[in-house]
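# Geometric and topological summary
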Amino acid sequence: MEFNHPLATITPTLDGDVLALLAQHEVSFTTGQLHRVLARYSEAGIRKVLMRLTRQGIVRSERVGNAFSYRLNRDHLAAGPIIDLAQLLRTLLDKLEKRLESWGEYQPVYAAVFGSAVHGTMTADSDLDILLVRADDTPLDVWEEQVHALAGEVTSWTGNDARPFEYTVSELNAARSEPVLRDVLAEGLTVAGSRDWLNRQLRTQNH
């Protein structure tokens, strides 16, 4: 799965990227504005796709001066599934939050998704990077069983291998300079615990 091209799961074409962008925003775009975002495609190609999608009724067009603007027709019967596909990353985060909450007493103190899924560079072959911080007193055998099961579920949900990065709270306090943690602090998407807690833990290392 490519979260930066969510509709590539079913259609690895320009059509999918155009629909995903329109589905993620409730505003209109001109062809030029779409081209600035979807720069790897030609403006002529984007215009051709928009015309076809407009004929299908899934996209609405409106003349604005000498140009046309386009937006997703959210009343269309196909709009709901398209919007759901365009929000696959949000869906994954929600599923991860619920699964980690189900660990109950031994859920992570903190967890976040980071790396290519968040940077927008994920490919079908990319791993899904997940930071997992466990309490120092969590039984290791229980924890390892949970993490192993989670990795299998993530692969089932996405088609991508999960790559957990695991720390205890004590280990986290001694690892502030590691690139993984800098990446999480910069762009990680929290799925368990509090981002403020993580910031406090890592700041502690300086004092």
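Everything numeric here is computed off the predicted structure, so don't read it as measured data.

Here we take up helix H4 (residues 79-86). Side chains that are three or four residues apart share a direction in an α-helix, a result of its 3.6 residues per turn. Among all positions of H4, only Ala-79, Ile-82, Ile-83 and Ala-86 are buried. The buried residues of H4 occupy an angular sector of 100 degrees when projected down its axis, which confines them to one face. For H4, the elements touching its buried residues are helix H1 (14-23), strand E3 (67-72) and helix H5 (88-101).

Taken as a whole and judged by the stated rule, the model has nine salt bridges. The shortest N-O distance in the salt bridge between Glu-43 and Arg-47 comes to 3.5 Å. Residue Glu-43 and its partner Arg-47 are both found in helix H3 (residues 43-56); the two are separated by four residues, about one turn of the helix. Judged by relative accessible area, Glu-43 falls into the partly exposed class, the value being 31%. For Arg-47, a relative accessible area of 36% corresponds to the partly exposed category. Residue Asp-129 pairs with Arg-163 through a salt bridge whose shortest N-O separation is 2.8 Å. Here Asp-129, found in strand E5 (residues 128-134), pairs with Arg-163, found in strand E6 (residues 162-168); they are 34 residues apart in sequence, far enough to count as distant. You can call Arg-163 partly exposed: its relative accessible area is 39%. It is possible to trace a salt-bridge network through shared partners that takes in Arg-90, Asp-94 and Glu-97.

Attention now moves to the confidence of the model for the protein. The pLDDT averaged across the protein works out to 93; a share of 98% of its residues lies at or above 70. Mean pLDDT values for the elements of the protein range from 86 in helix H10 (residues 195-204) up to 98 in strand E7 (residues 189-192).

Okay, the sheet that holds E5 next. With respect to topology, four strands assemble into an open sheet ordered E6-E5-E4-E7, the strand pairing being mixed. In this open sheet, the two strands that pair with only one neighbour each are E6 and E7. Strand-to-strand, the axes of this sheet are offset by a mean angle of 25 degrees, without reference to chain direction. Summarising the sheet, strand E4 (residues 110-114) and E5 pair through five bridges and their orientation is antiparallel. Along E5, the bridge assignment pairs Phe-114 with Asp-129. Contacting E4, E5 and E7, H5 crosses the sheet at an angle of about 30 degrees to E7. Sheet strands touched by helix H9 (residues 179-187): E4, E5, E6 and E7. Its angle to E4, the strand with the most contacts, is close to 85 degrees.

Scoring rules and cut-offs
- Residues numbered from 1 in each chain as written.
- Predicted model: local features only at pLDDT ≥ 70, side-chain atom pairs only at ≥ 80, totals over all residues.
- Heavy atoms only, no water.
- Buried < 20%, exposed > 50% of the residue type's maximum accessible area, 1.4 Å probe, protein only.
- Helix = DSSP H or I, 4+ residues; strand = E, 2+ residues; numbered from the N terminus.
- Arc of directions from axis to C-beta.
- Contact = heavy atoms within 4.5 Å.
- Salt bridge = Lys/Arg side-chain N within 4 Å of Asp/Glu carboxyl O.
- pLDDT = per-residue confidence, 0-100.
- Pairing = 2+ DSSP bridges.
- Axes fitted to C-alpha atoms, helices over the stretch in contact; angles between N-to-C directions.

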